[in-house]
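In case you want the letters, here they are:
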Amino acid sequence: MIFKLENSINQHIKLPNKLVELYIKREDAIHPFVSGNKYRKLKYNLLEAKKHNYDTMLTFGGAFSNHIAAVAAAGKGSGLKTIGVIRGEELAEKVASNATLSFAKANGMDFKFVSRETYRSKTNPEFLEALKKEFGSFYHIPEGGTNAFAIKGCEEILTPEDSKFNYICTAVGTGGTISGLINCLKPSQQVLGFPALKGDFLKEDISKFANKSNWELITDYHFGGYAKINEALIAFINTFKQDYGIALDPVYTGKMLFGILDLIEKGYFPEGSKILAIHTGGLQGIAGMNAVLKKKNLPIIM
C-alpha cells in the first residue's frame, strides 16, 4: 500500500482504585481513512490484487460500512478502481446525504445497489460470475474484508512489546481481526472477543482461520444486535471520550469497552491482570449513526 502509516501506541487508561491495568492500542490512529483493522485486512489483499495485475476491486457493504469507506480510500491511494455492491436499492437516491457513501464516491468508488434479498447472494458463485459479466474482471474482497490475506494482516497488530499483556480484547464482526490476534498469541495470553452481532455462529467462522484455542467470545454486550444501541451506550461513549480523549464507535469499540469495564467492575479479571484492548477504528460511521439518532430524537454521539 502506498500510504504513509503511523505507528499505533498503547494508551494507558487510568482506572480509579482498580487492581488491573487497561491499555488501548490506538489502531484507529494509524491512518486517517484506512485505519484500524481495515488497514490490516486490506494490506495483503491490495498486494495480491497488484501481483495478479487487477485494476479493479469489488466488495460488499451497507449504508454506513467502515469497510466500504476503507476500500474506496485504499483503492484511490493504490491506483485501483473500486466497486461497492451496496445493500438497499433505496440508497441509490441518498448517496449525497449519506456520509459513508458520499465519502466512498468522492474517492472514486462506483456503486451497484441491490435489494436486501439479492444481497444475501453475495457469496454465491453464480452471483459473482454475473457481476464479472457486468463489470469485467475484478479482485473480489468479501463483505467485511475477512479472508486468508486479511488474517495475515491482522497477525501484525500485536508487537513483541505486547507480550506482557494477559488479555487481548477486540470487537468482533466477521471474525478476521480476532483470528489474526489468536494466531500470534503467546501461550500465556488469552483473546476475548466482543461480538457486535447476536448468535454463536462466529465460533465456527473463527475456527476456520484461528490455529489456537486460548480465546473466548463474550456475548453479553451486543446491545440487541448489529448497529443496535441505546441511551446507556451513547452516554458511555460520550463520557469515555470526555474522560480519556478517545472517540469510540457505537457498533464495535464502544460496545467492547463498555463490556471490558463492566467485567472489571464484576471482578472477571484476576488481580494484577494487564489488559490490552484493540481500537479497530470505525469512527467514520459515527456521522451516519448520529443521523439515525436525530431522527429518533435520541442523544447523539459527541
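Here the structure is a predicted model, which means the values were calculated and not measured.

Criteria and cut-off values
Residues numbered from 1 in each chain as written. Predicted model: local features only at pLDDT ≥ 70, side-chain atom pairs only at ≥ 80, totals over all residues. Heavy atoms only, no water. Helix = DSSP H or I, 4+ residues; strand = E, 2+ residues; numbered from the N terminus. Expected span 1.5 Å × (residues − 1). Bend = angle between axes of the 7 residues up to and from the residue. Buried < 20%, exposed > 50% of the residue type's maximum accessible area, 1.4 Å probe, protein only. Contact = heavy atoms within 4.5 Å. UniProt positions renumbered as here; feature names shortened; annotations may be inferred. Domains from an automatic or database assignment. Buried area = accessible area lost by both parts, 1.4 Å probe.

Some details on helix α1 (residues 37-51)
In this model α1 runs 22 Å from its N-terminal to its C-terminal C-alpha over 15 residues, within 8% of the 21 Å that 1.5 Å per residue would give. At Lys-43, α1 shows its maximal kink, close to 30°. With 11 of 15 residues buried, α1 is to be regarded as a mostly interior element. Of the positions making up α1, those classed as buried are Asn-37, Lys-38, Tyr-39, Arg-40, Lys-41, Leu-42, Tyr-44, Asn-45, Leu-46, Glu-48 and Ala-49. If you follow the buried residues of α1, they end up packed against β3 (56-61), α2 (66-78), β6 (139-140), α6 (148-154) and α7 (176-183). Just downstream of α1 lies Asn-53, where phi reads positive at about 60°.

Description of the UniProt feature "modified residue: N6-(pyridoxal phosphate)lysine" (unreviewed entry) in the protein chain
Mapped onto this numbering, the UniProt entry gives "modified residue: N6-(pyridoxal phosphate)lysine" (unreviewed entry) at Lys-38. Residue classification places Lys-38 among the buried residues on the basis of a relative accessible area of 13%.

Looking at the domain arrangement of the protein chain
Each assigned domain of the protein chain is listed with its residue range as follows: domain 1 (5-33 + 154-296) and domain 2 (55-137). Of note, the centres of domain 1 and domain 2, computed from C-alpha atoms alone, are 27 Å apart. Around 650 Å² of area is buried between domain 1 and domain 2 when both sides are counted, 62% of it from carbon and sulfur atoms. Three residues stand out in domain 1 for area buried against domain 2, namely Phe-33, Gln-284 and Gly-288, and they jointly supply 65% of the buried area on that side.

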